[in-house]
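# Summary of structural features
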Amino acid sequence: MTTAPPAGPAAPPRALPALLAPAATSSPRPQAPPLPPVRRVPLVVSGLLAAALTAYVWSAHGAEPGVLLLLGLGLGVTLFHSRFGFTSAWRQLIAVGNGAGLRAHALLLGTTATLFALIIGTSTGLFGSQPAPSAGSIGTGLAVGSLLFAVGMQLGGACASGTLFAVGSGQSSVLLTLGGFIGGATLAAWQFDLWKDLPAWEPVVLSEHIGWFGSWAVTIAVLLLVVLVTRLVQARRNPPPVAAVPSAHTPAVRALRGSWPAAVGALLLAVLGAGVLLVSGGAWGITSAFSLWGSELVGALGGHPENWTWWKQPGNAESLAGPVLADKNSLTDIGIMIGAAVAAALGGTWALHRGIPWRTAVASVLGGVLMGIGARLAGGCNIGAYLAGIASGSLSGWMWGAFALAGTWLGLRLRPLFGLGNPKPGDGVC
């Protein structure tokens, strides 16, 4: 009779794949503070405004603008509850090496690219729309504009989408950023003749060379590489964790009042952004509305923006001549602000901030102006050029992101001049 050999030590549990394992931080993420009570007055006001404006747009301009406004409301709720940030994500990566925000970007970009490939590749559109990719030219305007935009983000404290949802949630300093943003975008439209002939090459769209499946596969592969690189950087630098925001512990309450994980926000933003493409035929954008709003104000004050070369361009003239509440980007922008107000009131965090330091106020306005000018030079912002460009398989989107990282590095070095702090390795959170 043979004797079985003695059992050896138990095999160690199989490690999670590198892309799924928790990323290294210098300490565990702190527990989220409890939610404050619902802000009833802001909730009632923003809720009534959302309902009244939706009813008006639907009756005055039709179903397509009405649906776009509803999508904007959903974008605002999602942006606020998930605190989905572009400015903070780049700042945390450059300053201390925390890539959590950029990995959330990768999820948003990958999901949006998947949905765009399905919608544009099959020519699926609603209300008679014909969906088309977003592709920008590659040249001096893209490089300078995206770099200026990123510097402006770090000074103004928010990106294009972040500015809108922060204003909706009552952050007064970001209202100054929005004012500067509108001013800069209007200035760039007025002076279009000065920069319209900057050296540039024609857009490069991968689907035109390798088809939509090939474009999607390349995009996903590059995004996976981005995720891996951010994890390697984070493991090397061992940064502080991202700060936690007020939240509820009960899932049902958390779904209604926040906060949501960044991954949930990324997935919902991708679906809502794809909805904008389905309904209008164009990708979700933000900053062209700022040029429109500023130009409308110039016209109301006696100016003649209709004579500017910018507003004589194909498509632009129709936007200026038509009602603001029929403009695609204006509808989604307004919806984001109102939706964020509803979400912030439900979460109990809606509040007007008073006593803004003068250096912060200057940085907010200057940052907004730089973002407005940069967005026009680059052909879009972090949404219209970066997100929509990469999701469309356009090389311009990737270049926008690369120059924005360089601009972030520069912006972080300018922030202390205005009394603004940057994350440091020894901080408890970033």
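See the structure printed just above.
Residues numbered from 1 in each chain as written. Predicted model: local features only at pLDDT ≥ 70, side-chain atom pairs only at ≥ 80, totals over all residues. Heavy atoms only, no water.

Looking only at helices and strands, one finds 17 helices and two strands in the protein. Compactness check: the protein gives a C-alpha radius of gyration of 22 Å against a globular reference of 22 Å for 430 residues, within 12% of the reference. When contacts within the protein are restricted to residue pairs at least 6 apart in sequence, long-range pairs at least 24 apart make up 83% of them. Surface exposure of the protein reaches about 19100 Å², of which carbon and sulfur atoms provide 69%. Between the averaged position of the 21 positive side-chain charges in the protein and that of its 11 negative side-chain charges there is a distance of 24 Å. (Helix = DSSP H or I, 4+ residues; strand = E, 2+ residues; numbered from the N terminus. Rg over C-alpha atoms; globule rule 2.2 N^0.38 Å. Contact = heavy atoms within 4.5 Å. Areas by Shrake-Rupley, 256 points an atom, 1.4 Å probe, with all protein chains shown as cover. Lys, Arg positive; Asp, Glu negative; His and termini not counted. Charge placed at Lys NZ, Arg CZ, Asp CG, Glu CD.)

Our next topic: the packing of helix α1 (residues 40–61) against helix α2 (residues 63–82). Helix packing for two helices is described by the angle between their axes and how far apart those axes are. With their axes 7 Å apart at the nearest point, α1 and α2 run at an angle of 155° to one another. Judged by the inter-axis angle, α1 sits roughly antiparallel to α2. Here A50, L53, T54, V57, W58 and H61 of α1 come into contact with α2, specifically with A63, P65, G66, V67, L69, L70 and L73. (Axes fitted to C-alpha atoms, helices over the stretch in contact; angles between N-to-C directions. Parallel < 35°, antiparallel > 145°, perpendicular 65-115°, else oblique.)

At a minimum axis distance of 6 Å, the contact between helix α16 (residues 382–391) and helix α17 (residues 395–414) shows a crossing angle of 125°. Judged by the angle between their axes, α16 and α17 are oblique. The chirality of how α16 crosses α17 is left-handed. Between α16, through N382, A385, Y386, G389 and I390, and α17, the contact on the second element is made entirely by G397, W398, W400 and G401. Across the contact of α16 with α17, the residue classes break down as five nonpolar, four polar and no charged. (Left-handed = near helix turned anticlockwise from the far one by under 90°. Nonpolar A, V, L, I, M, F, W, Y, C, P; charged D, E, K, R; others polar.)

This part takes up α2. For an α-helix, the turn length of 3.6 residues means that residues three or four places apart are oriented alike. Taking 1.5 Å of rise per residue, 20 residues should cover 28 Å, and α2 covers 28 Å from first to last C-alpha, within 8% of that figure. Of all 20 residues in α2, 15 are buried; the element is thus mostly enclosed. The first or second residue beyond α2 is R83, which carries a positive phi of 50°. (Expected span 1.5 Å × (residues − 1). Buried < 20%, exposed > 50% of the residue type's maximum accessible area, 1.4 Å probe, protein only.)

Quick look at the environment of P33 now. With respect to the helices and strands, P33 occurs in the segment before α1. Considering only alpha carbons, one finds P33 and V245, 212 residues apart in sequence, at a separation of 6.6 Å. Filtering out sequence-adjacent residues up to four positions away, P33 remains in contact with A244, V245, P246 and S247.

F149, W284 and W400 are the most contacted members of the largest nonpolar core, which totals 79 residues. For this core, the leading source of residues is helix α14 (residues 328–347), giving nine residues. Non-local contacts of W400, meaning those with residues more than four positions away in its chain, are made with W90, L142, S146, F149, A378, G380, C381, N382, A385 and Y386. If you look at the next biggest cluster of nonpolar residues, it comprises eleven residues, including F116, I119, W212 and A283. (Core = buried A, V, L, I, M, F, W, Y, C linked by side-chain atoms within 4.5 Å.)

A few words now on the environment of S247. On the secondary structure map, S247 appears in the loop between α9 (207–237) and α10 (251–257). Under the relative-accessibility criterion, S247 is labelled buried at 9%. Spatially, the C-alpha atoms of S247 and V298 are 43 Å apart, while their sequence positions differ by 51 residues. Those residues in contact with S247 that sit more than four places away from it in its chain are A32, P33, P34, L35, R254, G258 and S259.

Within the structure shown, the criterion is met by zero disulfides. In this model C159 remains outside any disulfide bridge; the closest cysteine sulfur is found in C381, 7.6 Å from its own. Given the relative accessible area of 2%, C159 is considered buried. Of all cysteine sulfurs, the one in C159 lies closest to C430, which takes part in no disulfide; the gap is 17 Å. (Disulfide = S-S within 2.5 Å.)

Despite not being glycine, R83 shows a phi value in the positive range, around 50°. Within the element layout of this structure, R83 appears in the loop between α2 and α3 (87–96). Overall, R83 belongs to the partly exposed group, its relative accessible area being 27%. Unlike most non-glycine residues, N238 shows phi in positive territory, near 45°. You can see N238 is positioned in the loop between α9 and α10.

Just distances and angles here, no functional claims.
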